[in-house]
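The residues making up each chain are set out below.
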Amino acid sequence: DYAYTQRTVERLRCVLASTDRKLFAMMNLNRQLWIETDIRELFDELCARTHNFTLIVVNCIRNQGASAWEVDAQEVTREERGTSQMLVYSMPCVGDNTGSYFREDCDAAKIRTVLVDPFAFHLADDPLPDGALRPAVLPQEQQQVSEQVQKRDSFQSKCSEQQQQQQQQQEQEQQQTRWSRSQQVLGPISDAAVMTVEAQSAPTGEEVPNPVQVPVRRWCSRNAQLA
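Since we're looking at a predicted model, the values are computed, not measured.

Notes on the packing of aromatic side chains
- Considering all chains together, one arrives at three aromatic pairs under this definition.
- Ring centres 5.9 Å apart and planes at 65 degrees place the aromatic pair Phe43 and Phe53 in the edge-to-face group. Taken together, the positions of Phe43 in helix H2 (residues 36-49) and Phe53 in strand S2 (residues 53-61) put the pair ten residues apart, joining distant regions of the chain. We note that Phe43, like Phe53, is buried.
- Put simply, the rings of Phe24, Phe43 and Phe53 touch in pairs and so form one group of aromatic residues.

Comments concerning the sheet that holds S2
- A sheet is described by the order of its strands in space; here four strands give the open sequence S1-S2-S4-S3, paired in mixed fashion. The open sheet has two edge strands with one neighbour each: strand S1 (22-28) and strand S3 (74-81). If you compare each strand with its neighbour and ignore which way they point, the axes differ by 15 degrees on average.
- Relative to strand S4 (residues 84-92), S2 runs parallel, the two being bridged by eight bridges. The residue bridging Val57 from the neighbouring strand is Val88, located in S4.
- Helix-sheet contacts for helix H3 (residues 105-115) involve S1, S2 and S4, and the interaxial angle to S4 is about 165 degrees.

With respect to a nonpolar patch on the surface
- A cluster of nonpolar side chains, namely Leu23, Val116, Phe119, Phe121 and Leu123, defines an oily patch on the protein surface of about 450 Å² accessible area.
- The exposure class of Leu23 is partly exposed, given its relative accessible area of 33%.

Notes on the pattern of salt bridges
- All told, the structure shown has nine salt bridges when counted by the stated rule.
- The partner of Glu79 in a salt bridge is Arg81, and the shortest N-O contact between them spans 3.1 Å.
- Since its relative accessible area comes to 17%, Glu79 is described here as buried.
- A salt bridge links Asp117 to Arg112; its shortest N-O distance comes to 4.0 Å.

Looking at the layout of surface pockets
- Roughly 620 Å³ of internal volume is contained in the largest pocket.
- What lines the largest pocket is a set of 18 residues, and nearest its centre among them are Arg21, Lys22, Leu23, His122 and Ala124.
- Looking at the lining of the largest pocket, the elements that each hand over two or more residues are helix H1 (2-17) and S1.
- The element that contributes the greatest number of residues to the lining of the largest pocket is S1, accounting for four residues.
- Classifying every residue of the lining of the largest pocket gives eleven nonpolar, three polar and four charged.

What counts and what doesn't
Residues numbered from 1 in each chain as written. Predicted model: local features only at pLDDT ≥ 70, side-chain atom pairs only at ≥ 80, totals over all residues. Heavy atoms only, no water. Phe/Tyr/Trp six-rings, centres within 6.5 Å; stacked < 30°, edge-to-face > 60°. Helix = DSSP H or I, 4+ residues; strand = E, 2+ residues; numbered from the N terminus. Buried < 20%, exposed > 50% of the residue type's maximum accessible area, 1.4 Å probe, protein only. Pairing = 2+ DSSP bridges. Axes fitted to C-alpha atoms, helices over the stretch in contact; angles between N-to-C directions. Contact = heavy atoms within 4.5 Å. Patch = residues over 30% accessible without salt bridge, like charges linked within 9 Å, V, L, I, M, F, W, Y side chains within 5 Å. Areas by Shrake-Rupley, 256 points an atom, 1.4 Å probe, with all protein chains shown as cover. Salt bridge = Lys/Arg side-chain N within 4 Å of Asp/Glu carboxyl O. 1 Å grid on protein atoms, 1.4 Å probe; cavity = no way out; pocket = protein on both sides within 12 Å on 5 of 7 lines; lining within 4 Å. Points joined across faces, edges and corners; volume = space filled by probe spheres on them. Nonpolar A, V, L, I, M, F, W, Y, C, P; charged D, E, K, R; others polar.

Take a look at the structure:
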C-alpha cells in the first residue's frame, strides 16, 4: 500500500545519506529483461546520490543442466568510481530459482561466492526512527488484517459445513444401499423358511403341499363344508 511505499522510500533515502559502507544487490532471472545500459544508468544514479558502496548485479542463466555444475560465476564488468564500485556477473545455473530460493544446492553455493563470501558484514540498525513514519501496525493495516481473519474464519466454517453435509449424505447413501441389499437377500430366504417350516410340520409319509397351492385348497374345502 501507499504507507508501506512511503516507509521503503524513506528508508532508502536514509541509507543513501549514510557514510557507512553499503551493498546493493540485483539479480536478473529473465533473459529479455537483461539490458546492460539500464544497469549502467542505475550505477550512475547511485553515484550521483551516495558514495562508499558496491553494486553487484548477477545475470542468472537458469536450467542449464549438468553442463553448469562446475562452471563458476564469471565476472563480466568491473567499474570503480572513487569509493564506489559496480560488479556484473553471469552465472549459469543447473536448475531453476526464484532469486531468493535455489532448488539446487550447487547453485545456492555459487551465488554465495558472489554475494556473501567476499564480504564481512556488520549489519546496521533500521535507519527509520520509531514514530509516525514507521508505526508497528497502521490503523488501515490492522483493519485489513481483521477483515482477512474474518474472511478466513468464514471460509473455514463453510468448508467444515460442506464436509459435514457430504459426510452425512454419504452415510445416508450407504444405509440405503445396505437396506436394498438386505431386502434382496431376505426375500428368497423368507420363502425358503416358509417351505421348510411346512415341510417339518407335515406327517411322515404324507405329501408336502405346495405353499402356493395350499391357500387355494383350504378355500375350496371351506366352501365344500358350507355347501
